[in-house]
Amino acid sequence: MTAPVSNEPADLRATTRVPQRFWIGLLALVVYVALAGGVANLLDAWVQPSSEVGEFALTHFPVLIPLIVAGVVFVRVSGWGRSVWRTPAAFETHPRRWWMLAFPVLLFAQAVAVIVLIPWNDRAAGLVLVVALGTAMVGFGEELYVRGILRASLRAHHGETLTLVVTSLLFGAAHTLGSVMLGLQPTFIAFQVVATAFDGVLLYGVFRATGRLWVAATLHALTDFSLYVSNGDLADHSGSDVLTSPVNVVIQFALWALAAALLVSCIRQDLRARRDRRQTADDHIA
């Protein structure tokens, strides 16, 4: 049986202390989801905070801080840093894909369009501060484990298309733990996976566009922050009370089009890479 083909440069493989395998990235994500969701629920049931702000802080800070530290330490010790924190940006590749920069621009515009509608006088300063810190940790933690570690474990041996689809679907599935624990209907859970996987595609597009994981983490956090503060009810995860405008609707349609374009772009990139490998092999034979 032949060894899996690596997509990483030889100098990067030489500095990798832990082999980049999909099962390692998947295990890291499972541990993150199990602890971030399971331990948070246990703490909430044990302490039973008297306010929604206290509950939000309790279910985020004590759990996410050690998980983020553990993820950063793993990336450093394993030698995965170059493929976790960075990827060739859309304007650094050949051909250059300038259109991908629409991902970070539109996601930022979407968050701002929600933020400007928030009645800030009705939002307590403590709530805003706690939500800002909590969503910052969620954004960094989820991007580190999904678009960072999980993506690196897949992209080292597989094409961009498979990596996009798998990481996005697992991102969607990771957000259903609470729904599963509550025993919600499978149809709702399936819808939740698809809807959140779409968000995963957009954040993947941000990472591809900018080549920097911190940009995806920042926009992830900003989006979550805008939704939480706009809703005003930290216990309501439905998003039904989020303030919207026609601008949000237009941006959402544009993002759907961008997501489809990203999928097509990844397919074409993989076909081009396969054709180049075949041509290189033919030249060696000749």
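The shown structure was predicted, so the numbers you read here are calculated from the model rather than taken from an experiment.

Caption draft 1: Highlighting unusual backbone geometry. Of the consecutive residues His94 and Pro95, the connecting peptide bond is found in the cis state with omega at 0°. As for its placement among the helices and strands, Pro95 is situated in the loop between helix H5 (81–85) and helix H6 (102–115). Despite not being glycine, Gln48 shows a phi value in the positive range, around 50°. Note on placement: Gln48 falls in the loop between helix H2 (22–47) and helix H3 (52–58). By relative accessible area, which is 60% here, Gln48 ends up exposed.

Caption draft 2: Seen up close, the confidence of the model for the chain. Model confidence for the chain is summarised by a mean pLDDT of 90, while 90% of its residues fall at 70 or above. The spread of mean pLDDT over the elements of the chain runs between helix H1 (residues 10–14), the lowest at 54, and helix H8 (residues 160–174), the highest at 98. Here residues 1–5 is modelled with pLDDT under 50, and outside its nearest four sequence neighbours on either side it reaches 3 contacts, counting other chains as well.

Caption draft 3: Structural detail: the environment of Thr15. As for its position among the elements, Thr15 is in the loop between H1 and H2. Each C-alpha atom of the pair Thr15 and Arg82 lies 9.5 Å from the other, and the pair is 67 residues apart in sequence.

Caption draft 4: Representation of the packing of aromatic side chains. One pass over the full model with this rule turns up 8 aromatic pairs. Seen in terms of ring centroids, Phe56 and Tyr228 are 5.2 Å apart; in terms of plane orientation they differ by 75°. Their pairing is edge-to-face. A residue pair is termed long-range when its members are at least 10 positions apart, and Phe56 in helix H3 and Tyr228 in helix H11 (residues 213–231) qualify at 172 residues. A relative accessible area of 4% means that Phe56 is categorised as buried. Measuring from ring centre to ring centre gives 5.2 Å for Phe74 and Trp80, while their planes differ by 70°; the resulting arrangement is edge-to-face. The exposure class of Phe74 is partly exposed, given its relative accessible area of 26%. We note Arg147 situated over the ring of Phe171; from NZ or CZ to the ring centre the distance is 4.3 Å.

Caption draft 5: Representation of a nonpolar patch on the surface in the model. Taken together, the side chains of Trp23, Leu27, Val31, Leu35 and Val39 define a hydrophobic patch exposed on the protein surface, amounting to about 450 Å² of accessible area. Looking at the secondary structure, you find Val31 in helix H2.

Caption draft 6: Local environment of H6. Taking 1.5 Å per residue as the helical rise, H6 with its 14 residues ought to reach 20 Å, and the 20 Å between its terminal C-alpha atoms agrees with that figure. Buried within H6 we find Phe103, Pro104, Leu106, Leu107, Gln110, Ala111, Ala113, Val114 and Ile115.

Caption draft 7: Just the pattern of salt bridges, in detail. In the structure shown here, the tally under the stated rule is 6 salt bridges. A salt bridge links Arg86 to Glu92; the nearest nitrogen and oxygen atoms lie 3.9 Å apart. One network of salt bridges, with partners in common, ties together Arg151, Arg155, Glu160 and Arg208.

Caption draft 8: Highlighting the nonpolar core. By size, the foremost hydrophobic cluster in this structure holds 49 residues, and its most contacted members are Leu255 and Leu262. Among the elements of the structure, H2, helix H4 (61–78), H6, helix H7 (125–155), H8, helix H10 (186–210), H11 and helix H12 (246–285) are those that each provide at least two residues to this core. Ignoring anything within four residues of it in the chain, the contact list for Leu255 reads Leu106, Leu107, Gln110, Phe198 and Leu202. Grouped together as the second largest cluster of nonpolar side chains are 11 residues, Ala57, Leu127, Val128 and Leu234 included.

Caption draft 9: View of the environment of Ala197. One can find Ala197 in helix H10. Once the C-alpha coordinates of Ala197 and Thr187 are considered, the two residues, 10 residues apart in sequence, prove to be 15 Å apart. Beyond its immediate chain neighbours, meaning those up to four positions away, Ala197 contacts Ser168, Leu169 and Gly172.

Caption draft 10: Up close: the side chain of Asn248. Here Asn248 lies in helix H12. With residues near it in sequence (within four places) discarded, Asn248 still touches Gln110, Ala113 and Val114.

Caption draft 11: Region of interest: the environment of Gly205. Tracing the backbone shows Gly205 in helix H10. On the basis of relative accessibility, which here comes to 0%, the residue Gly205 falls in the buried class.

Caption draft 12: Region of interest: the packing of H7 against H11. One way to put it is that H7 packs onto H11 with a least axis distance of 8 Å and a crossing angle of 140°. Compared by their axis directions, H7 and H11 come out oblique. As for the relative orientation of H7 and H11, their crossing is right-handed in sense. Looking at the contact of H7 with H11 residue by residue, the class counts come to 14 nonpolar, 4 polar and 4 charged.

Thresholds applied
- Residues numbered from 1 in each chain as written.
- Predicted model: local features only at pLDDT ≥ 70, side-chain atom pairs only at ≥ 80, totals over all residues.
- Heavy atoms only, no water.
- Helix = DSSP H or I, 4+ residues; strand = E, 2+ residues; numbered from the N terminus.
- Buried < 20%, exposed > 50% of the residue type's maximum accessible area, 1.4 Å probe, protein only.
- pLDDT = per-residue confidence, 0-100.
- Contact = heavy atoms within 4.5 Å.
- Phe/Tyr/Trp six-rings, centres within 6.5 Å; stacked < 30°, edge-to-face > 60°.
- Lys NZ or Arg CZ within 6 Å of the ring centre and 35° of its normal.
- Patch = residues over 30% accessible without salt bridge, like charges linked within 9 Å, V, L, I, M, F, W, Y side chains within 5 Å.
- Areas by Shrake-Rupley, 256 points an atom, 1.4 Å probe, with all protein chains shown as cover.
- Salt bridge = Lys/Arg side-chain N within 4 Å of Asp/Glu carboxyl O.
- Expected span 1.5 Å × (residues − 1).
- Core = buried A, V, L, I, M, F, W, Y, C linked by side-chain atoms within 4.5 Å.
- Axes fitted to C-alpha atoms, helices over the stretch in contact; angles between N-to-C directions.
- Parallel < 35°, antiparallel > 145°, perpendicular 65-115°, else oblique.
- Left-handed = near helix turned anticlockwise from the far one by under 90°.
- Nonpolar A, V, L, I, M, F, W, Y, C, P; charged D, E, K, R; others polar.

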